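Per-entry structural report
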Amino acid sequence: MVSHSFKLKPFTSKKGCGDFVSVHERENDMLFVVGDVGGHGNIEVGALAEDLRCYVDANQNLSIKMLFKGLCKIKGIEKFGATVFVGRIDTNQFLLHYISVGDIKALQFTSSSVKKLKTQQGVLGFTSPESIKEFVVSLNQGDGIAVSSDGVASFEKVLTASGSKAPAEKLCEQIISQHASKDDDASCFVLKMEGGKQKQTILDNPLLVPQQPITQSTASENKPARSFAPVPQRVNVQKQEAQTHMVLSANNHGAVPDVVALPDKDTFFCVLDSQIAARKKIMELKNYLQLHDKQRISMKSIALEAISELGIEVTVSVSSTKMYITFPFNNAFYQSVNLVVGREQVGISPCGTTLIVWVALAQSVDISSTVFLEFKERVQLGISEENYAQYQQDQKRDVVLTQQAKLASMGEMIGAIAHQWRQPLNELALRIQTLKYKLKKGLTEDDINRFIKDNLVTIDFMSQTVDDFRNFFRIDKSTEVFDLAKTVESVVGLQQAQLQSNGIEIGMSGATGDVEGFRSEFQQVILNLVSNARDALNGKENKDKSIDIAFDINKITVTDNAGGIAPEVIERIFEPYFTTKAHGEGTGMGLYMSKMIIQDHMKGEITVKNVTTPKGKGAEFTIALPFYDSPRNKQPNMASEIRA
Amino acid sequence: MQSKRYHIQANTDVHVLLNNVSFLTRQHVKDEVAVTEIATMTSELAYNIIKYGCSGNITLSYSGTQCIIEAVDSGKGMQMSIEQAFVEGNSSSGSLGLGMSSIVRMSDEFNLETSDGGTCITCIKEY
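Residues numbered from 1 in each chain as written. Chains lettered and ligands numbered in written order. Predicted model: local features only at pLDDT ≥ 70, side-chain atom pairs only at ≥ 80, totals over all residues. Heavy atoms only, no water.

**Looking at the overall build of chain A**
The condition that has to hold: To qualify as a helix, a DSSP run of H or I must reach at least 4 residues; to qualify as a strand, a run of E must reach at least 2; elements of each kind are numbered from the N terminus. The rule is simple: take the accessible area with a 1.4 Å probe, protein chains only, and divide by the maximum for that residue type; under 20% is buried, over 50% is exposed, in between is partly exposed. Only the protein chains shown count as cover for residues, with accessible areas throughout obtained via the Shrake-Rupley method and a probe of 1.4 Å.
Helix and strand content of chain A: 18 helices and 23 strands. Residues counted as buried form 47% of the 644 residues belonging to chain A. Counting every atom, chain A has about 32,400 Å² of accessible surface; 52% of that belongs to carbon and sulfur.

Below you can see the structure in the form of structure tokens.
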């Protein structure tokens, strides 16, 4: 992403050179420091420059400000003084952060212009600036930065002549050879931003994008058009191997296949599990890989035979030079395969359980190219090119809609906070107004103390609400063990005021335990369930509107008495875009995301059913999470009871 | 070049600014995406002034194909290291810490100068 070069030209010897350059590259940034100690051709000056360079090398991970402050304190700097440019390039965002003090030339050059970077007056050790100015400048692909000490005369012409095209190394050489002063040390550093700057969009924000892309599977009779299967399943090789142990005993009869390595995992292409799929997918492969008809027919025949005669699945792999089909070894079947393709194109895996058949490709294929990967995905999905284009569009739309759903839940929480704050704000207003009347009656010290204490309690409560809100939207980077009930209570607590104003009672009961997972994602699921129950209850005229949350160690049920979900739609409510709410009120993504979080991220289950409770008919959502092995969970009677 | 300066000291100033910015921008910019991005950048910069700077000014200038947004405050500069300020999720004010990197993403050119005397941010948006 960044190429750089630097050059030093001492006035006399390297030991007496007051100029120094230090460069350190890391994964996402690059630190570079160009400095010039006052004087030249003096061993003391050279030693100080070396001390400054060593300090930078030893403290390269500090921020530029801390580094600069450290350089100002190096012993000896007060004797000679120094000028310095401390810069750090953020190679992800293409940003230059820098501090520049003294007579240092720093230029930013693009394909069409050269401009001076701002710098600050002063000399470190003599007149160090009291207030350090830090600068940030955005760069684009092809832009460059050139920094030199005052031993280099004006060199803009070098950059305007060939700046955008010449490599950094050549520019450095030209600047020093053409513009370095003969009476001073000279140093120059040039960097160029290369490679593509990734234009990020709001969708790149990790807060707003689902951690796992939503995928679509093809519709079939028993499946909805969309499912939650994230990737096509690979063949379970272990299962296949287990099935074939008994067959191996017949190995010694007839010809024995050569032992060859199994195709690499990265070459996995697809699974053929039916004759229709085998015919269609091998034809697609034939066209893409430009197989000869003979190759196609032999691979197709073997695959069809294996599927129909042996009743097994066949795995197809494609490397850059070969196409493979693999399936569990069967001696009799091996003899037939031998006849079809010849012994030199058949082998057995080192463990003797998998038969491997291959054909060489006429032209090598780049299996990591986007075109191939898209082709692979299309074949795996079993859809036409036209439908695949539509599928890709749907994928993009899914990302946007999921983002909208997240934003909607943020809006939901902001609404909850607004409710939560209304009452304490009223409290504060009332107390402040009362103070005036109390003053007329005679205000005592006790009154003042109570006024302060009461208001601080109210303010603490409001502050806690904000903290809960922040925790709710933090990004879970890793799983953690958390108390099920406490986590749910923190969400419900935020919604309490809103629910009360809607006349809905919320109750929690049962024994709580520890579970492991992504806490804030789990909170979003609870928010969804409680908000859905609230919306359903708001549309009813029940007298006793209620939401009951019951806990078990690793299980939770959320039950409402809003009448339940219509039987014709209950099977579909976890599908994306499915909503029973009025147009514009629901994105239809809330329960879909909840299911993704519970099922894919936390390896649990979420189910729904209609129930009849003493409070009336309603819907009951159950979340079951994997049992977490903690001392508290092992002894259920130790699991603390929460309020009934 | 047409310029308009807004003084920012309280939330109400930000509301006034945001009410005006889209209207003002649409007079120069036809692309609705660019209008929205300019309004969003202005909003982030204005709230940053309130959060960190106490008071300051936002100036919007339109010149042919560019909108220049300049935000100047008289705060104490960046409290965290300047490199950290651009990493998403970092915030010294307790907010989500997404503002600065969003502004950089939406800008075609971004410049910042900060010291304990205040901060000046200049964003250029091409349209």
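Alright, that's what it looks like, and here's the rest.
**Re the overall build of chain B**
The condition is simple: Contacts: residue pairs with any heavy atoms within 4.5 Å of one another.
Along the backbone of chain B there are 3 helices and 5 strands. Per-residue burial for chain B yields a buried fraction of 50% across its 127 residues. The contacts of chain B with a sequence gap of at least 6 include a subset with a gap of at least 24, amounting to 58%. When the accessible surface of chain B is summed, it comes to about 5,700 Å², and 50% of that surface belongs to carbon and sulfur atoms.

**Here's the deal with the packing of helix α15 (residues 519-538) of chain A against helix α17 (residues 590-601) of chain A**
All names here are of chain A. We count it as follows: Helix axes are fitted only over the stretch in contact, all axes being lines through C-alpha atoms; the angle between N-to-C directions runs from 0 to 180 degrees. The crossing is said to be left-handed when, going from far helix to near helix, the turn is anticlockwise and less than a right angle, and right-handed when the turn is clockwise.
Between α15 and α17, the shortest axis-to-axis distance is 9 Å and the interhelical angle comes to 145°. Every pair of crossing elements has a handedness; the one defined by α15 and α17 is left-handed. Across from E521, F522, Q524, V525, N528, L529 and N532 in α15, the residues of α17 making contact are G590, L591, M593, S594, I597, I598 and H601.

**Points about the sheet that holds strand β16 (residues 354-360) of chain A**
All names here are of chain A. Here is the rule we go by: Two strands form a pair only when DSSP identifies at least two bridges running between them.
The 6 strands lie next to each other as β11-β15-β16-β14-β13-β12, forming an open sheet whose pairing is mixed. At either margin of the open sheet sits one strand with a lone partner, and together these are β11 (258-259) and β12 (268-272). Across 7 bridges, the pairing between strand β14 (residues 322-328) and β16 is antiparallel. Considered in β16, the bridge of I325 is made with V357. Here helix α8 (residues 275-289) sits on the sheet and contacts β12, β13 (314-318) and β14; the angle it forms with β12, its principal contact strand, is near 150°. Sitting on the sheet, helix α11 (residues 370-381) is in contact with β12 and β13, with an inclination near 15° to β12.

**Quick notes on the environment of F11 of chain A**
Residues and elements named next belong to chain A. Note on placement: F11 falls in the loop between β1 (2-9) and β2 (19-25). Between the C-alpha atom of F11 and that of K182, which follows or precedes it by 171 residues, the distance is 7.0 Å. Non-local contacts of F11, meaning those with residues more than four positions away in its chain, are made with H40, G41, K182, D183, D184 and D185.

**Some details on the environment of S319 of chain A**
Residue and element names in this part refer to chain A. Relative to the assigned elements, S319 resides in the loop between β13 and β14. For the pair S319 and S364, spaced 45 residues apart in the sequence, the C-alpha separation amounts to 8.6 Å. Residues in contact with S319, not counting those within four places in the same chain, are T267, Y324, L361 and I367.

**Looking at the pairing of strand β4 (residues 82-90) of chain A**
All names here are of chain A. Burial runs high along β4: 9 of the 9 residues are buried. Inspection of the sheet shows strand β3 (residues 29-37) paired to β4 by 9 bridges, in the antiparallel sense. In the strand pairing of β4, V34 is matched with F85. Relative to strand β5 (residues 95-101), β4 is paired through 7 bridges, and the arrangement is antiparallel. Bridge pairing in β5 places V86 opposite I99. What sits between the antiparallel neighbours β4 and β5 is a turn of 4 residues, in which F94 has the positive phi angle 55°.

**Let's talk about helix α10 (residues 331-341) of chain A**
Residues and elements named next belong to chain A. Quick reminder of the rule: Within this analysis, the arc is defined by the directions that extend from the helix axis to the C-beta atoms. N or O atoms closer than or at 3.5 Å make up a polar contact, with two conditions inside protein: a donor-capable atom paired with an acceptor-capable one, and, for residues adjacent in sequence, both atoms drawn from side chains.
Listing the buried residues of α10 in full gives N331, F333, Y334, V337, N338 and V341. Buried residues of α10 fall within an arc of 150° about the axis and therefore sit on the same side. α10 presents A332 and L339 as exposed residues on the side facing more than 90 degrees away from its buried surface. Capping the start of α10, N330 holds a side-chain oxygen 3.0 Å from the backbone nitrogen of F333, two or three residues further along.

**Looking at helix α9 (residues 293-310) of chain A**
Two residues of an α-helix separated by three or four positions point the same way, owing to the 3.6 residues in each turn. All names here are of chain A. Here is the rule: Expected span of a helix, by definition, is 1.5 Å for each gap between consecutive residues, and there is one gap fewer than residues.
The terminal C-alpha atoms of α9 lie 25 Å apart, and with 18 residues this matches the ideal 26 Å at 1.5 Å per residue to within 8%. Buried within α9 are the following residues: Q295, R296, S298, M299, I302, A303, L304, A306 and I307. Elements in contact with the buried residues of α9: β12, α8, β13, β14, α10 and β16. Looking at the residues trailing α9, positive phi occurs at G311, about 65°.

**Remarks on the packing of aromatic side chains**
Residues and elements named next belong to chain A. This is how it is decided: Centre distance within 6.5 Å is the pairing criterion for rings of Phe, Tyr and Trp, where only the six-membered ring of Trp is used; planes under 30 degrees apart are then read as stacked, over 60 as edge-to-face, and the remainder as tilted.
Per the counting criterion, the structure on display carries 15 aromatic pairs over all chains. Seen in terms of ring centroids, F32 and F189 are 4.4 Å apart; in terms of plane orientation they differ by 15°. Their pairing is stacked. In this pair, F32 is assigned in strand β3 and F189 in strand β10 (residues 186-193), connecting sequence segments 157 residues apart. Comparing F32 with F189 shows no difference in burial state: the two are buried. Taken together, the ring pairs in this structure connect F32, F85, Y98, F135 and F189 into an aromatic cluster.

**Quick look at the confidence of the model for chain A**
Our working definition: For every residue, the predictor reports its confidence as pLDDT, a number between 0 and 100.
Of all residues in chain A, 81% attain a pLDDT of 70 or more, and the chain-wide mean is 79. Considering only residues more than four positions removed or in separate chains, one finds that residues 637-644 of chain A, a stretch of pLDDT under 50, has 23 contacts.

**Observations concerning a nonpolar patch on the surface**
All names here are of chain A. This is how it is decided: Patch members must show over 30% relative accessible area and no salt bridge, and they are joined within 9 Å when carrying like charges or within 5 Å when they are nonpolar side chains of Val, Leu, Ile, Met, Phe, Trp or Tyr. Any Lys or Arg side-chain nitrogen found within 4 Å of a carboxyl oxygen on Asp or Glu counts as a salt bridge.
Taken together, the side chains of I448, I452, L456 and I459 present a nonpolar region at the surface, about 330 Å² in accessible area. For I452, the location among the structural elements is in helix α13 (residues 445-472). Here I452 falls in the partly exposed class, since its relative accessible area comes to 43%.

**Some remarks on the nonpolar core**
Residues and elements named next belong to chain B. As a reminder of what qualifies: We call a set of buried Ala, Val, Leu, Ile, Met, Phe, Trp, Tyr and Cys residues a nonpolar core when their side-chain atoms join them within 4.5 Å.
Within the largest apolar cluster, 59 residues are counted, with the highest numbers of intra-cluster contacts made by L60, F86 and F110. Among the elements that take part in this core, helix α2 (residues 32-53) stands out by supplying 8 residues, more than any other. Excluding anything up to four places from it in sequence, L60 contacts Q2, S3, K4, Y6, L17, V21, L24, I38, T42, C67, I68 and I69.

**Comments concerning the sheet that holds strand β6 (residues 105-109) of chain A**
Residues and elements named next belong to chain A. Overall, antiparallel pairing links the 5 strands, which are arranged β1-β10-β9-β6-β7 in an open sheet. At either end of the open sheet lies a strand with only one pairing partner, and these are β1 and β7 (114-116). With strand direction ignored, the average angle separating the axes of adjacent strands in the sheet is 15°. In this structure, β6 lies alongside β7, joined through 3 bridges in antiparallel fashion. Bridge assignment links Q108 to a residue of β7, and that residue is K115. Strand contacts of helix α5 (residues 168-179): β1, β6 and β10, with the helix running at about 155° to β10, the strand carrying the most contacts.

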